[in-house]
Amino acid sequence: MRLPPDLRLALSPTETYRQLIAEPVRGTWLRALERPALVAVIIGTAVTLSSARRVPLGLVLMGIVCWSFVPLVQSLIGLVVIGRARGRPMSVPRCLELLFAGHLPWSLWTLVMVGLYTFTPVPIVLTAQVLSLLVPAVWTTIIVSSFCRTALGCTPARARMLTVAHQAMTWTAFFAYLFLVSGIWPRMLAFVGA
Amino acid sequence: MSVARILAVCGLAAGLAMGALTDTVPPRDPITIEGYQILSGDFHVHAFVGDGGIPPWMLQGHAPHVGLDVIAITNHNQTLAARLGRAAAQPSGTLVLVGEEITGRDYHLIGVGIARPVNWDQPARGAIADVHAQGGVAIAAHPMHGFDGYDPAALAELDGVEAAHLDTLSPAMGRQFEEFYQRTVARNPEVAAIGSSDFHTSGPMGLCRTYLFVRERSEAGVVQAIRDGRTVGRCESGRLWGRPELVRLLEPYRDALAPPDESFAQTLALLLVWLSLVALAIVGLRS
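This is a predicted model, so every value here is computed, not measured.

Enquirer: Would you mind going over the overall build of chain B in detail, with residue names and values included?
Expert: From N to C terminus, chain B includes nine helices and 11 strands. Scaling as 2.2 N^0.38, a compact globule of 287 residues should have a C-alpha radius of gyration of about 19 Å, and chain B matches this with 20 Å. Along the first, second and third principal axes, the C-alpha set of chain B runs to 70 × 45 × 40 Å. The proportion of buried residues among the 287 residues of chain B is 52%. A separation threshold of at least 6 residues defines the contact pool for chain B, and within that pool the share at least 24 residues apart is 67%.

Enquirer: Tell me what's going on with the overall build of chain A, and back it up with residues and numbers.
Expert: Each helix and strand in chain A was counted, giving 11 helices and zero strands. The order of α-helices and β-strands along chain A, N terminus first, is α-α-α-α-α-α-α-α-α-α-α. Over its C-alpha atoms chain A spans a radius of gyration of 18 Å, differing by no more than 12% from the 16 Å that the globule rule assigns to 194 residues. The C-alpha extent of chain A, read off along each of the three principal axes, is 50 × 45 × 30 Å. For chain A, the residues scored as buried account for 40% of the 194 residues in total.

Enquirer: With reference to specific residues and values, describe the domain arrangement of chain B.
Expert: The domain boundaries assigned to chain B delineate domain 1 (1-22 + 263-287) and domain 2 (28-260). Placing a centre on the C-alpha atoms of domain 1 of chain B and another on those of domain 2 of chain B gives a separation of 36 Å.

Enquirer: Go over the nonpolar core, please, and point to the residues and values.
Expert: Counting 129 residues, the largest nonpolar core has I73, L109, I139, V161, V222, V273 and L277 of chain B as its most contacted members. Of all the elements, helix α3 (residues 29-52) of chain A adds the most residues to this core, at 11 residues. The residue makeup of this core includes at least three contributed by each of domain 1 (1-22 + 263-287) and domain 2 (28-260) of chain B. Excluding residues within four positions of it along the chain, I73 of chain B makes contact with V45, A47, P56, L59, A81, A82, G85, V96, V98 and G99 of chain B.

Enquirer: Quick rundown of the interface of chain B and chain A? Include the residues and the values.
Expert: Counting residues at the interface gives 41 residues for chain B and 40 residues for chain A. Of all the elements in the fold, those that place two or more residues in the side of chain B that touches chain A are α1 (3-21), α2 (56-62), β4 (95-103) and α9 (264-283) of chain B. At 11 residues, α9 of chain B tops the list of elements feeding residues into the side of chain B that touches chain A. Taken together, the residues of the side of chain B that touches chain A sort by class into 20 nonpolar, 15 polar and six charged.

Enquirer: Go over helix α6 (residues 92-100) of chain A with me, naming the residues and quoting the values.
Expert: All names here are of chain A. Counting buried positions along α6 gives seven out of nine residues, so the element sits mostly inside the fold. Among the residues of α6, those classed as buried are R94, C95, L96, E97, L98, L99 and F100. In this structure, the buried side of α6 is in contact with α2 (13-22), α3, α5 (69-83) and α9 (134-150).

Enquirer: Describe the pairing of strand β3 (residues 70-73) of chain B, with residues and values.
Expert: Residue and element names in this part refer to chain B. Every second residue of β3 is oriented toward a common face, with V70 and A72 on one face and I71 and I73 on the other, all of them buried. Two elements, strand β2 (residues 36-45) and β3, share three bridges in a ladder whose sense is parallel. The residue bridging G41 from the neighbouring strand is V70, located in β3. Bridge analysis of β3 against β4 gives four bridges, and the strand direction is parallel.

Enquirer: Now, about the environment of Q78 of chain B: what can you tell me, with residues and values included?
Expert: Tracing the backbone shows Q78 of chain B in the loop between β3 and α3 (80-88). When near neighbours in sequence (up to four residues on either side) are disregarded, Q78 of chain B contacts G50, E100 and P117 of chain B.

Enquirer: Before we move on, can you summarise the environment of S91 of chain A with the specific residues and values?
Expert: Examined against the element boundaries, S91 of chain A turns out to sit in the loop between α5 and α6. Measuring from C-alpha to C-alpha, the distance between S91 of chain A and L108 of chain A comes to 28 Å, with 17 residues separating the pair along the chain.

Enquirer: I'd like to hear about the packing of α3 of chain A against α6 of chain A, residue by residue, with values.
Expert: Residues and elements named next belong to chain A. One way to put it is that α3 packs onto α6 with a least axis distance of 8 Å and a crossing angle of 20 degrees. It follows that α3 is roughly parallel to α6 by the angle criterion. In the packing of α3 onto α6, the handedness of the crossing is left-handed. The residues of α6 that touch α3, namely those facing W29, R31, A32, R35, P36 and V39, are P93, L96, E97 and F100. A per-class count over the contact of α3 with α6 returns seven nonpolar, no polar and three charged.

Enquirer: Describe the pairing of strand β10 (residues 231-234) of chain B, listing the residues and the values that go with them.
Expert: Residues and elements named next belong to chain B. Alternating positions in β10 separate into two faces, T231 and G233 on one and V232 and R234 on the other, with burial throughout. Bridge analysis of strand β9 (residues 209-214) against β10 gives four bridges, and the strand direction is antiparallel. For L212, the partnering residue across the bridge sits in β10 and is T231. Hairpin connection between β10 and strand β11 (residues 240-242): a loop of five residues separates the two successive antiparallel strands, and G238 in this loop has a positive phi of roughly 95 degrees.

What counts and what doesn't
- Residues numbered from 1 in each chain as written.
- Chains lettered and ligands numbered in written order.
- Predicted model: local features only at pLDDT ≥ 70, side-chain atom pairs only at ≥ 80, totals over all residues.
- Helix = DSSP H or I, 4+ residues; strand = E, 2+ residues; numbered from the N terminus.
- Rg over C-alpha atoms; globule rule 2.2 N^0.38 Å.
- Buried ≥ 20, exposed ≤ 12 C-beta atoms within 10 Å, placed from the backbone.
- Contact = placed C-beta atoms within 7 Å.
- Domains from an automatic or database assignment.
- Core = buried A, V, L, I, M, F, W, Y, C linked by C-beta atoms within 7 Å.
- Nonpolar A, V, L, I, M, F, W, Y, C, P; charged D, E, K, R; others polar.
- Pairing = 2+ DSSP bridges.
- Axes fitted to C-alpha atoms, helices over the stretch in contact; angles between N-to-C directions.
- Parallel < 35°, antiparallel > 145°, perpendicular 65-115°, else oblique.
- Left-handed = near helix turned anticlockwise from the far one by under 90°.

As structure tokens, this is what we get:
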């Protein structure tokens with residue numbers, strides 16, 4: 001049985017990217033938006049499910065709209081990285097589509113956390129939750145690196161640089177959001193004794 | 001479209017349909033004790049545009065499903081979400097109060113019934129005074145170690161203490177909450193015992209809650225009840241915190257006031273939606 005492309009890509013990114021870029025696909029913006037839209041559906045529905053423990057359509061749709069800022073920010077970061085690879089063999093929309101094909105680690109992490117919170121009585125220790133972030137973080141770094149090498153046609157050194165830039169922008173956006181909304185700043189000041 | 005993809009999409013649609021069909025507001029009879037209406041409240045609710053999962057304008061509609069009559073939206077160091085939630089609230093529905101979790105260096109303080117953000121960069125006593133100056137009430141939020149930066153004078157000024165909180169489910173944390181609550185009661189016997197879910201993205205809202213003895217079902221009535229200490233806090237264990245005479249009055253209604261249970265059909269709908277999302281994430285949209 002042939003595995004779905006997103007799963008194959010997560011398990012064997014370089015080989016799968018090679019197969020995907022060899023496919024005769026004309027990248028369009030409409031097609032490029034499909035995967036970010038799916039990410040918005042997954043995050044918005046999962047967060048609503050976990051928060052409300054109800055899934056009425058209105059609440060779910062509002063959750064999807066609100067949390068669509070996550071794939072939106074990811075798309076902007078992706079476009080910056082794709083824009084920096086001048087010799088890429090494919091169009092920008094096709095590159096964006098292929099970048100989002102590597103979203104499985106983060107989608108699965110989100111769903112596993114939501115599943116644990118919603119369906120098990122096991123309290124998740126914050127430290128364990130933070131440490132678990134390492135799995136999708138490392139996994140995604142490997143996928144993005146393969147994306148830069150194969151889909152963007154970069155040299156190994158350039159691919160490393162773009163991967164680092166992608167991850168730096170992603171984590172900066174993540175921590176900026178965290179700092180803005182969760183009141184961590186005063187705790188940090190207390191921690192450093194300021 | 002592959003079979004797996006069709007199954008995932010159909011499963012999601014079926015789960016959402018089932019979730020909509022089983023989405024009912026549990027019936028509750030109003031309870032009156034010695035001339036006071038008993039309201040159920042949650043005064044520590046985070047919303048989206050913050051670190052909460054649900055947008056503030058949807059919280060009023062959600063509250064009756066978890067048996068709440070009043071909520072305060074309390075994002076960290078801002079009142080924007082709370083004001084949005086309050087502006088969108090229907091007058092006949094659940095009471096939505098503007099609040100804030102004033103997040104200082106060594107304390108978190110809930111201000112309820114305020115109009116604008118309170119400066120967090122000051123000692124707890126100053127923040128409490130600012131909340132009072134706006135006509136609100138000040139509640140010590142999850143006052144375990146690290147968040148208990150209240151000097152004796154500040155303890156005496158507090159209107160309420162989160163005695164029942166999700167974190168009290170851990171015995172070690174529970175002891176810290178208990179110790180802080182008793183320390184505050186020793187200085188301020190009328191302090192309100194508050195139960196709060198500290199609701200973010202892993203519900204349910206109202207898991208821990210506050211029962212209020214109110215003269216009138218209004219924001220002023222709720223704030224006055226907290227100010228006068230006419231409250232009893234409750235958490236998942238069912239234990240009631242508060243002044244012994246109020247706890248005694250509520251005891252006969254313990255079951256009637258308990259948070260509603262999730263039905264089997266609702267759990268099944270959630271499970272179906274979750275499994276479908278996992279399948280969709282794996283199979284993707286295209287072959």
